[in-house]
Amino acid sequence: MTGKIEARLAELGVSLPDAPAPAANYVPFVVMGSTVYVSGQVSMENGGFVTGRLGDTMDVAEGAAAARLCAMSLLAQVRAACDGDLDRLKRVVKLTGFVNCTPEFTDQPKVVNGASDFLVEALGEAGRHARSAVGATLPLGVAVEIEGIFEIA
Amino acid sequence: MTGKIEARLAELGVSLPDAPAPAANYVPFVVMGSTVYVSGQVSMENGGFVTGRLGDTMDVAEGAAAARLCAMSLLAQVRAACDGDLDRLKRVVKLTGFVNCTPEFTDQPKVVNGASDFLVEALGEAGRHARSAVGATLPLGVAVEIEGIFEIA
Amino acid sequence: MTGKIEARLAELGVSLPDAPAPAANYVPFVVMGSTVYVSGQVSMENGGFVTGRLGDTMDVAEGAAAARLCAMSLLAQVRAACDGDLDRLKRVVKLTGFVNCTPEFTDQPKVVNGASDFLVEALGEAGRHARSAVGATLPLGVAVEIEGIFEIA
């Protein structure tokens, strides 16, 4: 039995990663009532970190692809928070996107769009969220880190 | 019929901007129960971005003025979230202020005060909020970006 | 009469600081239902700021010690939010840790661990939280600033 959201992901050719384990003494998500707070998810692919600095070693398209990977990890965490049933996800509430970039780089929104576009593609209206996108220095040299707030049933 | 908060804003000579549209595939705010999450609002005036870097091309007073503009946009979004009736705003809960600055700049709080002071001026006690203020690299070279959490009736 | 959490802190040899007053026109915390939003707490010790830049003037162990100080201030604020009774704290929900660092520094998680480890030491399972850790430019040159969301009874 596959849920509607999982079916939509399959249609998109997307296979969610395993929910990444946190790198330290904290948890990947906390559920408080119907709100799920998900820890910052860094850009990863096939178990390796996607590193790079926008405005230097990485361009906007590559950055957006990295942000999309963060969104996939966020969804994987939400699925774990829903005991595997992603159809309990009611909506994406808020993302904060941190982009590893030079001081001169100004296209943080275009980078974080990689995450936003994916969530709307996968979830439709329920994927539309409030958002901030800023530049920061990131752990392990990853290109993007995104944290999120989600509403579940 | 003008609400009490709108009357107070008029008294201050403040006319809220139209709620700015987001620059990408996300929404300006999400309402979850009585909580409104407002997307990061960048410093804008008369439809143009207010750009600059604190510690370099912009001083603290100019930065505080930019932060005030962000707070005006936040209120404009909350008004939209309240279907135009700003008197439904119960309180400002939390702001996160991101200041575009050099690595040496240390007066982020004085900059974000431009937003905090405005909200207390406009809303009284209901305008007093929890807050963080940090330096970051910002979209489009804007001077300040502020996101907010608000409680509404 | 001392609560269980205060007793545990005493066992750890920890005496919480007075809840630091905010540096501007905002409040140290806002309670909304059972959620407490605590303003960003900067690294302080004995009333003075703990300053430094990771990757330059401060190493990871010193940074983690600074993060631990932030967590102590966060708990002090939560105690104030609970009218002095820290046993009303149900759990730490979410931390956002900002680390003052060079663009090359990549160990933000190890620094913020100073806060996470302390909270788990002091509170056990209730201290485990969702988290983000990023590099930023910080007020007054402090080494670390951490904001938090807490659930109280």
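Here, every reference points to the structure presented above.
Attention here is on the structure that accompanies the text. Note that this is a predicted model, so its numbers are computed, not measured.

Definitions and cut-offs
- Residue numbers restart at each chain and count upward from 1, following the sequence in its written direction.
- Chains and ligands are labelled by the order in which they are written, letters from A for the one and numbers from 1 for the other.
- Owing to the predicted nature of the model, reporting of local features is limited to residues with pLDDT of at least 70; listing and counting of side-chain atom pairs is limited to 80 or more, with chain, interface and lining totals taken over all residues.
- To get the side-chain values, all heavy atoms of the structure are used, and hydrogens and water are removed first.
- Each helix is a run of DSSP H or I of at least 4 residues and each strand a run of E of at least 2, with the numbering of both proceeding from the N terminus.
- Throughout this description, buried means an accessible area under 20% of the type-specific maximum (1.4 Å probe, protein chains only), exposed means over 50%, and partly exposed covers the range between.
- Two residues qualify as a contact provided that any one of their heavy atoms is within 4.5 Å of a heavy atom in the partner residue.
- Here's the idea: put two parts together, see how much 1.4 Å probe accessible area each one loses, and the total over both is what we call buried area.
- Any Lys or Arg side-chain nitrogen found within 4 Å of a carboxyl oxygen on Asp or Glu counts as a salt bridge.
- A 3.5 Å cut-off defines polar contacts: any pair of N or O atoms within that distance qualifies, except that in protein one atom must be a possible hydrogen donor and the other a possible acceptor, and neighbouring residues in sequence count only when both atoms are side-chain atoms.
- Just so you know the grouping, Ala, Val, Leu, Ile, Met, Phe, Trp, Tyr, Cys and Pro go in nonpolar, Asp, Glu, Lys and Arg go in charged, and all remaining residues, Gly too, go in polar.
- Throughout, the protein atoms alone are placed on a 1 Å grid, and a set of points is a cavity if a 1.4 Å probe fits but cannot get out or a pocket if it is open with protein on both sides within 12 Å along at least five of seven lines; lining residues have an atom within 4 Å of a point.
- Grid points are joined across faces, edges and corners, and a volume is the space filled by probe spheres set on the points.

**Here's the deal with unusual backbone geometry**
- Positive phi is not limited to glycine here, since B:Leu140 has a value of about 60°.
- As for its placement among the helices and strands, B:Leu140 is situated in the loop between strand S6 (130-136) and strand S7 (144-152).
- Despite not being glycine, C:Asn46 has its phi angle at roughly 50°, a positive value.
- The topology assignment puts C:Asn46 in the loop between strand S3 (44-45) and strand S4 (48-49).
- Residue class for C:Asn46 comes out exposed when judged on its relative accessible area of 83%.

**Describing the interface of chain C and chain A**
- Each partner contributes to the interface: chain C provides 30 residues, whereas chain A provides 21 residues.
- Summing both sides of the interface, chain C and chain A together bury roughly 2000 Å²; the carbon and sulfur share of this comes to 57%.
- Put simply, chain C and chain A have 1 salt bridge between them.
- Here A:Glu147 and C:Lys94 are joined by a salt bridge, their closest N and O atoms 2.7 Å apart.
- Viewed at the interface, chain A and chain C are joined by 12 residue pairs in polar contact (both at pLDDT 80 or more).
- Where the side of chain C that touches chain A is concerned, the elements lending two or more residues are strand S2 (35-42), strand S5 (89-100), helix H3 (108-123), strand S6 (130-136) and strand S7 (144-152) of chain C.
- Along the lines of polarity and charge, the residues of the side of chain C that touches chain A split into 12 nonpolar, 11 polar and 7 charged.

**Quick look at empty space enclosed by the protein**
- By the definition in use, this model includes 1 cavity of 30 Å³ or more.
- Around the largest cavity, the lining comprises 26 residues; the ones closest to its centre are A:Glu147, B:Thr96, B:Glu147, C:Thr96 and C:Glu147.
- Elements that contribute at least two residues to the lining of the largest cavity include exactly strand S5 (89-100) and strand S7 (144-152) of chain A, strand S2 (35-42), strand S5 (89-100) and S7 of chain B together with S2, S5 and S7 of chain C.
- Taken together, the residues that form the lining of the largest cavity break down as 14 nonpolar, 6 polar and 6 charged.

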